[in-house]
Amino acid sequence: MWPLKLIVSCGVLLAAVQCFEMNMTQYYEMPQLYDFDDYDRCLQEFGASDDTATYCFVRAEVQPNRTTAAWRAIQEISKFDRHHFDHRQLYFGLCVHKCEAQLAELDANAIQQLQAGILTDNAKVNVYLELFAMESANRARYNELSNACLNWRLQQRNFGVRAKSVVEYCDTTATAGKVSEEDDPWNLGFYVLVCALILLSCLSSLVDLHLKRRRHDKMLKERDHYKTPPRSLVTRLLLTCSVARNWYRLNQEPNGKIGRELRFLDCFKFFAMFLVIFAHTNWVIYESAISNPQDPERMLHTAAGTLLISGSLITVTFFVISGLLLTINWLAVTRALTDDKNETWSLAKYAALFVKFNVFRYIRLTVPYGFVLLLSGVYFENAGGPLWRHIYQREQLACRKNWWTNLLFINNFVRTDERCLLQGWYLAADTQSFALSLLVLILGHRFGRWSKQLYGIVLAIFMLLPAVLTYVFDYYPIFLPTPQTQKDSFIGDRQFTEFYTSFQMNFGAYFCGVLAAIAYDQLSLKQYKLRELRSFQVFWFSLFPVGVLWLFTAHPIYQHYYTETPRFWGAIYATVQRNFWAFGLSILVVGMAAKVGWILRKFACLPIFRILGRLTYGAFIVHLLVARLALATVREPIYFGTGTMFAYIFYVLCASYLSSLLLAIFVELPVSSCLKLLR
């Protein structure tokens, strides 16, 4: 009976999706979100003689005027703030020469009447202005001209509204796409590091090639040489940067029983990474310029919109896997160091292990992460464009200013309006969860008799904590990346900073991974055959349709505007949504580790995922730079359609994994090899 109930429930839920009808006649009464003059023509035609042509990117905010149809349309459309852009916020790319020509026939009094004022009270815009502080002279020079120009255009198009505005930055023929400082220390540091890595890789590869040719064992195949570690510690150290050896390391099969049983995790990591790239590429598209904003706005009112919003649960996958791997490593180390089961470890031994685990993890993650941080702040010659500095240079400036918050893994609560590599919040929350989980595991090992009670208490606290915090601080029950929030790069978004990215809201999911590893370990020790239990197999396979349905449980909250979600029930849902997903995922992982899953497990264990899974970390830290690079050079608003969206997603996915391959060969795997020698 339960499958029938499941199908009926799914049908009822999908039928309940709100059918939102947008009044398109009213929609087109509003000013367009984007109005860009021809960037290349402006700088090439008008700057051909003296390099003085100027093109300014201007932020504007429409001022209230209830007597006009345009303002009434803005109010009506923008009130659906979960699904729609804030249509008060306008974005102009103005060619100064063109503006001066348009205003040339007006007298001083007419130009003065066009002035609506400088935009100074928009906190999100002010963050950009602070990052682009070097543009203060251009603002002083062009603020009034640009405000009169854009209001003249609004007047000419009969919108009947005026807007305050501020210049974010200006490009000239001489500066567009150019490197401002030739001997910039940040750039020089990056180039020196790249040259050093290439030199080390060449030397190490040549030494490896020399050793291969000196071998006298004719039975040894060529690839076996690169798979066999040298006996000498010094030689091993010399070969850590060998390109050929690192390629074989990247592709090597997992060692040991645990490695073979958990090799399906590489597949999980790759598909989770694909979904992350899917979401983040769409976010960067929102951050750029869209010619048809009404289409993504309408789409968010459908079942697909609910699914996209609930897709934020995908980060839970990484937290669960991270907790699982930490605990498996902890159990392996403690067993290897334990000579006598009744032996009581000293406090110093626990402290040494705690420091060792954290230091090794910090080095392993931070070296490639630091390289990408350095790369993200490098100035280079580029194609420019109206949005290049808004999308890409903003990231460069934030990284040059706040890189230290990323390296200390505190960027999920420090300088959150000027984030460098925004996706780095996950590494910060994961690092904090790692340290606390390791402390709990140490206490569980030291007080083994009370370990079950300890784990239960910790799980209960962090399962309930999101509900308590949501109730006390009145958070929205689900993470809500609205179109405007994404367009503003989550600046000033309390829901993102406090609800979604904070360690305390995610630790429950991480600890589910810890408990999953303990359950898997006990099943392995007792040689319990879960795959032989028909009832567990049925339950395990049922997790897939239940998981899909679970994504749609956010629908009544997300799609309903007319009644406010009760604060108590909203708090309950906030903790249930994420933690139940983590709990179900933990059961899924334990079951597949116990060889449940039939053809699904066989698919997840395909060799191709071995490489893709190992490249996932590099792809994670580099993919937003790739997405920004792809979209920052657009000259005019792009059409947001399925084909366009997937073309960008496919490009970002491929380019991110190719970049990750280089990062792995030249940085990540050499560091990993060095750490193995130090163990």
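Computed from a predicted model, the values in this text were never measured in an experiment.

Q: Honestly, the pattern of salt bridges in this entry has me stumped. Any pointers?
A: Oppositely charged side chains can pair when the atoms bearing their charge come close. Scanning the entire structure with this criterion turns up 27 salt bridges. Here Asp 35 and Arg 157 are joined by a salt bridge, their closest N and O atoms 2.8 Å apart. One end of the pair, Asp 35, is in strand β1 (residues 34–36); the other, Arg 157, is in the loop between α8 (136–156) and β4 (163–172), with 122 residues separating them in the sequence. For Glu 76, the salt bridge goes to Lys 79, with nearest N and O atoms at 3.2 Å. Judged by relative accessible area, which is 31%, Glu 76 ranks as partly exposed. We classify Lys 79 as partly exposed; its relative accessible area is 48%. Among the charged side chains, a network of salt bridges with common partners joins Asp 35, Asp 37, Lys 98, Arg 153 and Arg 157.

Q: Would you mind going over the side chain of Glu 297 with me for this structure?
A: Within the fold, Glu 297 resides in helix α15 (residues 294–299). Buried Glu 297, no salt bridge; nearest opposite-charge side chain is Arg 298, N-O distance 7.5 Å. Of the polar contacts made by the side chain of Glu 297, one reaches the backbone nitrogen of Phe 85; its length is 2.9 Å. Polar contacts involving the side chain of Glu 297 include one to the side chain of His 87, which spans 2.9 Å. The contacts of Glu 297, once residues within four sequence positions are left out, are Met 22, Tyr 27, His 83, His 84, Phe 85 and His 87.

Q: Looking at this structure, I do not really get the packing of helix α18 (residues 347–376) against helix α31 (residues 642–678). What am I missing?
A: When two helices pack together, their arrangement is given by the angle between their axes and by how far apart the axes lie. Two elements in contact, α18 and α31, have axes whose closest approach is 10 Å; the angle formed by their N-to-C orientations is 160°. In terms of axis orientation, α18 runs roughly antiparallel to α31. By crossing handedness, the relation of α18 to α31 is classed as right-handed. Two secondary-structure elements touch here, α18 through Phe 360, Ile 363, Arg 364, Val 367, Pro 368, Phe 371 and Val 372 and α31 through Leu 663, Val 667, Glu 668, Val 671, Leu 675 and Leu 678. Of the residues belonging to the contact of α18 with α31, the class tally is 11 nonpolar, no polar and two charged.

Q: Explain helix α14 (residues 265–287) to me, please; I cannot follow it from the model alone.
A: At 3.6 residues per turn, the α-helix brings residues three or four places apart onto the same side. With 23 residues, α14 extends 32 Å between its outermost C-alpha atoms, agreeing within 8% with the 33 Å of an ideal straight helix rising 1.5 Å per residue. When you tally the buried positions in α14, you get 18 out of 23 residues, the bulk of the element.

Q: How should the nonpolar core be read in this particular structure?
A: One broad rule of soluble globular proteins: the nonpolar side chains tend to lie buried together. Grouped together as the largest cluster of nonpolar side chains are 195 residues, with contacts concentrated most on Phe 264 and Trp 330. Take this core: its biggest share by element is 13 residues, from α14. Once residues lying within four places of it in the same chain are set aside, the contact partners of Phe 264 are Val 589, Met 592, Ala 593, Arg 601, Ala 604 and Cys 605.

Q: How should helix α5 (residues 96–103) be read in this particular structure?
A: Every buried residue of α5 is listed here: Val 96, Cys 99 and Leu 103. Viewed along the axis of α5, the buried residues span an arc of 60°, placing them on a single side of the element. Looking at the buried residues of α5, the elements they touch are β2 (54–62), β3 (89–95), α6 (108–114) and α8.

Q: Please explain the sheet that holds β2 as it appears in this structure.
A: Consider a sheet: its strands pair through backbone hydrogen bonds, and that pairing is either parallel or antiparallel. Strands sit in the order β1-β3-β2-β4 across an open sheet of four strands; the sheet is mixed. Edge positions in the sheet fall to β1 and β4, since each has one partner strand and no second. Taking the axes of each pair of neighbouring strands and ignoring which way they run, one obtains an average angle of 15° across the sheet. Bridge count between β1 and β3: three bridges; the pairing is parallel. Paired with Tyr 34 across the strands is Tyr 91, a residue of β3.

Rules behind the numbers
Residues numbered from 1 in each chain as written. Predicted model: local features only at pLDDT ≥ 70, side-chain atom pairs only at ≥ 80, totals over all residues. Heavy atoms only, no water. Salt bridge = Lys/Arg side-chain N within 4 Å of Asp/Glu carboxyl O. Helix = DSSP H or I, 4+ residues; strand = E, 2+ residues; numbered from the N terminus. Buried < 20%, exposed > 50% of the residue type's maximum accessible area, 1.4 Å probe, protein only. Lys, Arg positive; Asp, Glu negative; His and termini not counted. Polar contact = N/O pair within 3.5 Å; in protein donor to acceptor, adjacent residues only side chain to side chain. Contact = heavy atoms within 4.5 Å. Axes fitted to C-alpha atoms, helices over the stretch in contact; angles between N-to-C directions. Parallel < 35°, antiparallel > 145°, perpendicular 65-115°, else oblique. Left-handed = near helix turned anticlockwise from the far one by under 90°. Nonpolar A, V, L, I, M, F, W, Y, C, P; charged D, E, K, R; others polar. Expected span 1.5 Å × (residues − 1). Core = buried A, V, L, I, M, F, W, Y, C linked by side-chain atoms within 4.5 Å. Arc of directions from axis to C-beta. Pairing = 2+ DSSP bridges.

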